[in-house]
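The chain contents come next:
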Amino acid sequence: VFAALAQAPEDPILGVTVAYNKDPSPVKVNLGVGAYRTEEGKPLVLNVVRRAEQILLNNPSRVKEYLPITGLAEFNKLSAKLIFGADSPAIHENRVATVQCLSGTGSLRVGGEFLARHYHERTIYIPQPTWGNHPKVFTLSGLTVKSYRYYDPATRGLDFKGLLEDLSSAPSGSIILLHACAHNPTGVDPTIDEWEQIRKLMRSKSLLPFFDSAYQGFASGSLDKDTQSVRMFVADGGELLMAQSYAKNMGLYGERVGALSIVCGSADVAVRVESQLKLVIRPMYSNPPLHGASIVATILRNSEMFNEWTLELKAMADRIISMRQQLFDALKSRGTPGDWSHIIKQIGMFTFTGLNSEQVAFMRQEYHIYMTSDGRISMAGLSARTVPHLADAIHAAVTQ
Ligand code: PMP
């Protein structure tokens, strides 16, 4: 019955890894997917995660029962505290409804479905450009997706004027997707002053913020600093949605652990919001997985393990920052034409190189370097060993 079915295209991001895996070249480098690699090019399981797993394993009373529809209650509490801050007024006033979801993507999807059912405005504005999955997640949630200007290719920085103009002309009440920090793919974040202007404008027009936090701790190395933007929006007493992922900052990619928090106007509303979130989740996947959330709760509840986590996280962030410097220096020493200072200015896991799709194709063909066609490279996939090869490839691509 499916004989006439067309072959679906590969996912533009995950497809890069599929192509990489097929390439037999010994010098190949995968800078496509945003997953941390060690200096040796290996995936990393944090030591604190191994310790947490050991604790879970050694607990004889641990069972494999279903979690509630909303997930592990302690995980939800600790996740809200991590993102909004222990002293957050919204938490103290019980105005936050948090549900454990399937990593960042699942949190965005549950949030999108909830909004499509219960919010009076169906249009969500996403930055241009943004993570490639955003438009699909929100369209399939039942929302209408539009974009706002974000990145200026001429300055390789924020198009702040364009952003403010587009948010000003969005209909009152529209949903606005904001990357909490380390914007993917551009690595360009607003400054705190710019965030404050965005906040004022959005609140004055009753635009509803939907934050996506996939890189808390990866931008600056500090968990608190990387959530400043979000906390400004909570401090003003207004409402917002927050999709939180532990994929990158705890290295729990495949465990699919994240949370959706909705900051509401009152404790009473938060209770009703949670009841409706359960109706969204139950027919989708019934309830979330146990293991990843147990790891996170084990680490977050124990101050010594929490501290170890922050150190390991900082080490990952610092290695990425060092890769930025090494790549910049390597291009400089080759005299590669162009201004490459954006490599050290941009923030988080990615550099938006400015290379076009022909140059990207050339580098794949000639140098076996794999990246998304928009010229985004994952700095976390680089090492001191591969930087010279990448610099040679970029040099050849821009001078060919
Ligand atoms: N949002 C952004 C901006 C991302 O970059 C990612 C991961 N690449 C996600 C959400 C979702 O990641 P996950 O579902 O693995 O948590």
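Residues numbered from 1 in each chain as written. Predicted model: local features only at pLDDT ≥ 70, side-chain atom pairs only at ≥ 80, totals over all residues.

Our focus in this paragraph is the overall build of the protein. Check the secondary structure of the protein and you find 15 helices and 13 strands. Taking 2.2 N^0.38 as the reference for a compact globule, 400 residues should give roughly 21 Å; the C-alpha atoms of the protein span a radius of gyration of 21 Å, in line with that estimate. Over its C-alpha atoms, taken along the principal directions, the protein stretches across nearly 65 × 55 × 55 Å. Counting the 400 residues in the protein, one finds 46% classified as buried. Contacts in the protein between residues far apart in sequence, at least 24 positions, make up 75% of those at least 6 positions apart. (Helix = DSSP H or I, 4+ residues; strand = E, 2+ residues; numbered from the N terminus. Rg over C-alpha atoms; globule rule 2.2 N^0.38 Å. Buried ≥ 20, exposed ≤ 12 C-beta atoms within 10 Å, placed from the backbone. Contact = placed C-beta atoms within 7 Å.)

We now examine unusual backbone geometry. For the bond from Gln128 to Pro129, the omega torsion is 5 degrees, close enough to zero to count as cis. The step from Asn184 to Pro185 runs through a cis peptide bond, and the omega angle for that step is 15 degrees. Of note, the phi angle at Arg256 is positive, near 55 degrees, even though the residue is not glycine. Residue Arg256 is classed as buried on the basis of its 20 C-beta neighbours within 10 Å.

Turning next to the nonpolar core. Counting 117 residues, the largest nonpolar core has Phe211, Val296, Leu327 and Leu390 as its most contacted members. When residues of this core are assigned to their parent elements, the largest contribution, nine residues, is made by helix H12 (residues 303-334). Lining this core are residues from two domains, each supplying at least three of them: domain 1 (14-44 + 318-399) and domain 2 (73-301). Excluding anything up to four places from it in sequence, Leu390 contacts Val29, Leu327, Ile369 and Leu382. (Core = buried A, V, L, I, M, F, W, Y, C linked by C-beta atoms within 7 Å. Domains from an automatic or database assignment.)

What follows covers the packing of H12 against helix H15 (residues 387-399). Contact pair H12 / H15: the axes reach a minimum separation of 9 Å and the direction vectors enclose 50 degrees. Judged by the inter-axis angle, H12 sits oblique to H15. You can see that H12 and H15 cross each other, and the crossing is right-handed. Where H12 abuts H15, its residues Met323, Gln326, Leu327, Ala330, Leu331 and Arg334 lie against Val387, Pro388, Leu390, Ala391, Ile394 and His395. (Axes fitted to C-alpha atoms, helices over the stretch in contact; angles between N-to-C directions. Parallel < 35°, antiparallel > 145°, perpendicular 65-115°, else oblique. Left-handed = near helix turned anticlockwise from the far one by under 90°.)

Looking now at the site of the ligand. Close to the ligand lie 13 residues, the nearest being Ser103, Gly104, Thr105, Ala214 and Ser245. At three residues, helix H5 (residues 103-118) tops the list of elements feeding residues into the shell around the ligand. Grouping the amino acids of the shell around the ligand by side-chain chemistry returns four nonpolar, eight polar and one charged. (Near = placed C-beta within 6 Å. Nonpolar A, V, L, I, M, F, W, Y, C, P; charged D, E, K, R; others polar.)

On the UniProt side, "domain: Aminotransferase class I/classII large" (unreviewed entry) is annotated at positions that read residues 28-394 here. As annotated, residues 28-394 has a helix share of 45% and a strand share of 15%, and its two end C-alpha atoms lie 14 Å apart. (UniProt positions renumbered as here; feature names shortened; annotations may be inferred.)

Before going further, it helps to examine the environment of Val63. Residue placement: Val63 occurs in the loop between helix H2 (47-57) and helix H3 (73-84). When the C-alpha atoms of Val63 and Leu290 are compared, they prove to be 9.8 Å apart, with 227 residues separating the residues in sequence.

Our next topic: H3. With 12 residues, H3 should cover 16 Å at 1.5 Å per step; its first-to-last C-alpha distance of 17 Å lies within 8% of that length. Among the residues making up H3, those that are buried are Phe75, Asn76, Leu78, Ser79, Ala80, Leu82, Ile83 and Phe84. Following H3 by one or two positions, Gly85 adopts a phi angle in the positive range, close to 95 degrees. (Expected span 1.5 Å × (residues − 1).)

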